[in-house]
Each structure stands twice: as C-alpha cells, then as structure tokens.
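In case you want the letters, here they are:
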Number of protein chains: 2
Amino acid sequence: MITLWELKGRGGRRYSLFSWRARMALRHKELEFESEPVCLTDKATIEFSGGRTVPVIRDGDAVVRDSWKIAEYLEHRYAEAPPLFGGEIGQGVSHAFNAWVDRVVVPAMFRVIAADVHERVDPADADYFRASIEKFLGTTLEETRAGGDQALRGLGRTLEPMQAALKRQPYVCGSRPAYADYILFSVFQWARVMSPQEVLGPENPLCAWRERMLDLFGAFARNVPVA
Amino acid sequence: MITLWELKGRGGRRYSLFSWRARMALRHKELEFESEPVCLTDKATIEFSGGRTVPVIRDGDAVVRDSWKIAEYLEHRYAEAPPLFGGEIGQGVSHAFNAWVDRVVVPAMFRVIAADVHERVDPADADYFRASIEKFLGTTLEETRAGGDQALRGLGRTLEPMQAALKRQPYVCGSRPAYADYILFSVFQWARVMSPQEVLGPENPLCAWRERMLDLFGAFARNVPVA
C-alpha cells in the first residue's frame, strides 16, 4: 500500500492542488493509497522525505517528494499500467504545460479564492497561511476578496486557450485523460474543495471537461469533503 | 516531392509563422519540399486547397491545409520517420500547447513586431496587411511602434513559463525537439525573418534554446533571408 502525505484542511478536506495531481496519478495507475494528512506548519512529520513540502509518497522502500517527481516515478515504476505521459515527447510537453499552469493559472486562481482558502485551512495553519499568501500575492486577504470580480475576469482570460483547446478535444491529452489533465484539474479541485464560489460560467467548455474529470475512477474527486 | 504554398515577403523572405511550423515538421520527417510563395491577397492560387489560407501542402494526391492538420498528416503518413508527437497523449498536449501559443504568445509578439512586419510583406499585401492587423490589435501600426517597450515587457511576462521550463530541459519536448518546439519556435522565426529587433535578453534561457533550434537540420532555419 502506498502512503501519501498531504495537506490537511478543516472538516477532513484534502486541499493541496499538488496532492490532487498525485491522487489522480495514483488512481490513473490503478494504485490504492492511504492518506496521511499533515499541517502546512508541521515540517517534522515529513522530515524523513528530505524536504519540507508535501506531497510525499512512500511506496515500499521508495520515498518521492514533489508532484512532478511523483508522476515521473509512477510512470516508470508502473510502466505497464495506463500511461500518464505516453513517451518522452508527451512527458516533455506535459512538463512545459506544468510550468504554465503553476506560474500563470495557479496565481490567477489564488487571487479569486485566497480568502476562502484561508477560512478552510487547519486552524493551526491559519496565521502562517495568511502571512505567506499575502506576501506571495502582494496584497491582503481582505483586498483579494474586495477585488474578486476583477480576479474572476483575469482567471477567465488566463483560461481562454484551454477553453479553445477543449472545444476541439474532450481532454487536454486528447481523447482520454492523462497527466496534463490532472495538472489543470488540480487547480479546479483546489477551488472546489476550498471555496463556495463557482469560478466558471455554465457555458464554458471547461465546465463539461471538469464534470468528466470529477466522474473519473468512480467519481473519486467528486466524493470528497468540499466547501 | 512535396510542395509547400506559403507567404511571400520582400527580398525572398518566407515569413508565415504557420508555414515555419510546416517547414520544421517536414525537415523533422526528413522530407524534401519545394516552396511556392504566394501573396496574402492572392486567394486564387490556393483555391484548389478548398480554403483561403496558407500553409498548404501537396504530397502526391493528398492536399492538406492548416499547419496543425499538416503536422497530423505527416505524423501518420510518415509514421516510421522521427515522431512529431510520439503518441496520442503527446499529440493532445501539443494541441493544447498550440492553443496557448496561438492565443497568447502570437498576439504578444505581434504587438512588438507588427510595424516591422508591415514594412517587409510583399508590396501587393501592404494595405491589406495594415487594415487586418490594425483591426486585430485594435490600434494603428504607428501606435504599436510607439508602445514598443511596453509590448516587449508584455512579451517577456508571457514567455516566463517557457523560460522556467527551458531551464530544466533543453527542449519543450524534453531531451530532443519535436512539434511543440516548432510551434513555439515559429513565433521567434517569424520575428527573426521580419524584424530587426532582438526580442529576448541575452541571459534569457530561451536564447540558448532558440540557437539550438536554428542549428537543427543543417542550420535550416538560420540560413534564410532575414530582416
């Protein structure tokens, strides 16, 4: 059995977007895992991993930290299971796609949901979260809430290329979902778990894609504690 | 012998970025081709293709129009030659990447080089080009030139995720170049052929990648008429 260390939110929420990438990758590879929730401020629990951030997995003797490294590990260790990348080119382009999502889509979503996330992190993490996110965004949580409409329009502009792509193919990876879908989906699942806001208009092609993602693996991502 | 219909600029320039995607894909597949330059305003010459835009290729009985469709055609028709996508996942993610480049990177580059491009299109196309690009950008060519510094900063911000990705791997597609590299490279080659501006700072990781791209296939993209 694989163990996944991941962030713990209020009410049993598992909110780390990077952990959702690992969760979806594990299910894609048809692997069972048990969740070990940890606080953002609890660095001691994951010291064995050699780092200070989750997600971390332990699979037998192997310990792997960082969502991208976990995906690479699973792809090569479980090569006979359904592919996450499908070869070197798929892996390379997925890595470049990962850089775009992390550096453009994640900050755009953070501007929309930061104050909601703050209300739902573990109480032990609330002050730490506020300080680090206000530094990252260069603004207070109260100001992000006041600027919500503008942030939502910014997120819409950021996502426009994916709306166009998902009009022409059902998944980021083509006719079936694979790791690049989980990269993008993790941002929406983070919002779904931690914010009561609907971040997509109903006519947005990303809505239908998000529903398809929530249906995967027996509605694995749908049936979790949410905002 | 494959024939490629593509845009004709002044002084023998081949400037269409979409045609550069087809050119690089043809060379990647180790295929020879002959270039048939056409004007932007000359729709009659390519009427046989069923459309009004280049690039178009003719390969024996097959006629294929649109750079993405040309790449798909070449990948499947010449499956034994080096892969452009390397499977369905690579093709799907490359398609999503294509949407981002076309909708975000291309407009950002256009704001930097539009006035330079206008000076180098075929004289027969100059008025048509000005009217269509001023409509697309919502500004005059003279205004784009005046706002050049701001446009260059906007392009830099847009490219930031690719700078990050290319610090960690030598090509967009991983350790070797493939179609997603040609998608992004086409935007730089367009600028190189049509503008005397250096659009990248010397310390930018994209510079070294661009040099590697220019070296491919016996410096195929380097040894062409440029601005």
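Model, not experiment: these values are computed from the prediction.

Enquirer: Where do I start with the overall build of chain A in this structure?
Expert: A tally of helices and strands in chain A yields 8 helices and 4 strands. Listing the helices and strands of chain A from first to last along the sequence gives β-α-β-β-β-α-α-α-α-α-α-α. The C-alpha atoms of chain A give 17 Å as radius of gyration, which agrees with the globular expectation for 227 residues (17 Å, within 12%). In terms of principal-axis extent, the alpha carbons of chain A reach across some 50 × 45 × 30 Å. Expressed as a percentage of the 227 residues in chain A, the buried residues total 43%.

Enquirer: For this particular structure, what's the right way to read the sheet that holds strand β3 (residues 56-59) of chain B?
Expert: Hydrogen bonds between backbone atoms are what pair the strands of a sheet, whose relative direction is either parallel or antiparallel. Residue and element names in this part refer to chain B. If you trace the 4 strands from one edge of the open sheet to the other, you get β2-β1-β3-β4, paired in mixed fashion. Among the strands making up the open sheet, the edge pair consists of β2 (33-38) and β4 (62-65). Neighbouring strand axes in the sheet, compared pairwise and without regard to direction, differ in orientation by 20° on average. Pairing geometry for strand β1 (residues 2-7) and β3, over 3 bridges, is antiparallel. Among the inter-strand pairings, Trp5 is bridged to a residue of β3, identified as Val56. Against the sheet, helix α1 (residues 17-28) contacts β1, β2 and β3, and its axis sits at roughly 155° relative to β1.

Enquirer: It is not clear to me how the environment of Val105(B) should be interpreted in this structure. Could you clarify?
Expert: Residue and element names in this part refer to chain B. Among the structural elements, Val105 can be located in helix α3 (residues 88-120). Given 21 C-beta atoms within a 10 Å radius, Val105 is considered buried. Taking the C-alpha atoms as reference, Val105 lies 7.2 Å from Leu155; in sequence the two are 50 residues apart. If near-sequence neighbours (up to four positions away) are discounted, Val105 is found in contact with Thr158, Leu159 and Val187.

Enquirer: Is there a simple way to think about the confidence of the model for chain A in this case?
Expert: Low-confidence regions, as indicated by low pLDDT, have predicted coordinates that should not be scrutinised in detail. Taken residue by residue, chain A gives an average pLDDT of 96. The fraction at 70 or more is 100%. Scoring of the predicted complex yields 0.97 for pTM and 0.96 for ipTM.

Enquirer: In this structure, what is going on with helix α7 (residues 179-194) of chain B? I would like to understand it.
Expert: A rise of 1.5 Å per residue sets the reference length of α7(B), with its 16 residues, at 22 Å; its end C-alpha atoms lie 22 Å apart and thus fit the reference within 8%. Among the 16 residues in α7(B), 16 count as buried, and that is most of the element.

Enquirer: Would you take a moment to explain the domain arrangement of chain A for this structure?
Expert: Where interface size is given, it is often the accessible area lost as the parts come together that is meant. Residues and elements named next belong to chain A. When cut into domains, chain A gives domain 1 (2-77) and domain 2 (88-219). On a C-alpha basis, the centres of domain 1 and domain 2 stand 19 Å from each other. With 18 residues of domain 1 at the contact, the number on the domain 2 side is 20 residues. Top contributing element to the side of domain 1 that touches domain 2 by residue count: helix α1 (residues 17-28), with 7 residues.

Enquirer: What should I look at first to understand the interface of chain A and chain B in this one?
Expert: With 31 residues of chain A in contact, the opposing surface of chain B contributes 31 residues. Taken together, the elements giving at least two residues each to the side of chain A that touches chain B come down to α3 (88-120) and α6 (148-168) of chain A. Considering each element in turn, the side of chain A that touches chain B owes the most residues, 14 residues, to α3(A). Here the side of chain A that touches chain B is composed, by residue class, of 18 nonpolar, 10 polar and 3 charged.

Enquirer: How should I be thinking about the relation of the copies chain A and chain B in this particular structure?
Expert: Copies of the same chain, two in number, are related to each other by a rotation about an axis and a translation along it. Between chain A and chain B, which share one sequence, the superposing operator has a rotation angle of 180° and an axial displacement of 0.0 Å; the RMSD is 0.0 Å. With respect to symmetry, the two chain copies, as superposed, fit the operation of a two-fold axis. Closest approach to the rotation axis within chain A is made by the C-alpha atom of Gly90(A), at a distance of 1.9 Å. When the interface residues of chain A are mapped onto chain B, 100% of them again lie at the interface, so the same face is used by both copies.

Enquirer: How should the sheet that holds strand β2 (residues 33-38) of chain A be read in this particular structure?
Expert: All names here are of chain A. Taking strand neighbours across the sheet as the criterion, the 4 strands line up as β2-β1-β3-β4 in an open arrangement whose pairing is mixed. Because the sheet does not close on itself, it has two edges, and the strands there are β2 and β4 (62-65). Taken pair by pair, the neighbouring strands of this sheet meet at an average axis angle of 20°, ignoring direction. Here 6 bridges tie strand β1 (residues 2-7) to β2, and the two strands are oriented parallel to one another. In the strand pairing of β2, Leu7 is matched with Val38. Together, β1, β2 and β3 (56-59) form the strand contacts of α1, whose direction differs from that of β1 by roughly 155°.

Enquirer: Help me understand unusual backbone geometry in this model?
Expert: Excluding glycine, residues mostly have negative phi values, and the peptide bonds linking residues are mostly trans. All names here are of chain A. In this structure, Pro55 follows Val54 across a cis peptide bond, with omega equal to 5°. Structurally, Pro55 is set in the loop between β2 and β3. For Asp66, which is not glycine, the phi dihedral falls at a positive 95°. Phi angles above zero are rare outside glycine, and Phe217 is one such case at about 55°. Checked against the element boundaries, Phe217 lands in helix α8 (residues 205-219).

Enquirer: Just checking my understanding: could you explain the environment of Gln169(A) for this structure?
Expert: Its place among the elements puts Gln169(A) in the loop between α6 and α7 (179-194). In this structure Gln169(A) touches Gly174(A), Ser175(A), Gly92(B) and His95(B), once residues within four positions along its chain are discounted.

Enquirer: Explain the packing of α1(A) against α7(A) here, please?
Expert: For any two helices packed against each other, the geometry is given by the interaxial angle and the distance between the axes. Residues and elements named next belong to chain A. In contact at an axis separation of 8 Å, α1 and α7 are set at 135° when each is read in the N-to-C sense. Put simply, α1 runs oblique to α7. Viewed along their axes, α1 and α7 form a crossing whose handedness is right-handed. Across the interface between the two elements, Leu17, Phe18, Trp20, Arg21, Met24 and Ala25 of α1 pack against Tyr179, Tyr182, Ile183, Phe185, Ser186, Val187, Gln189 and Trp190 of α7. Considered class by class, the residues forming the contact of α1 with α7 number 11 nonpolar, 2 polar and 1 charged.

So, how was this worked out
- Residues numbered from 1 in each chain as written.
- Chains lettered and ligands numbered in written order.
- Predicted model: local features only at pLDDT ≥ 70, side-chain atom pairs only at ≥ 80, totals over all residues.
- Helix = DSSP H or I, 4+ residues; strand = E, 2+ residues; numbered from the N terminus.
- Rg over C-alpha atoms; globule rule 2.2 N^0.38 Å.
- Buried ≥ 20, exposed ≤ 12 C-beta atoms within 10 Å, placed from the backbone.
- Pairing = 2+ DSSP bridges.
- Axes fitted to C-alpha atoms, helices over the stretch in contact; angles between N-to-C directions.
- Contact = placed C-beta atoms within 7 Å.
- pLDDT = per-residue confidence, 0-100.
- Expected span 1.5 Å × (residues − 1).
- Domains from an automatic or database assignment.
- Nonpolar A, V, L, I, M, F, W, Y, C, P; charged D, E, K, R; others polar.
- Least-squares fit on C-alpha atoms with pLDDT ≥ 70 in both.
- Parallel < 35°, antiparallel > 145°, perpendicular 65-115°, else oblique.
- Left-handed = near helix turned anticlockwise from the far one by under 90°.

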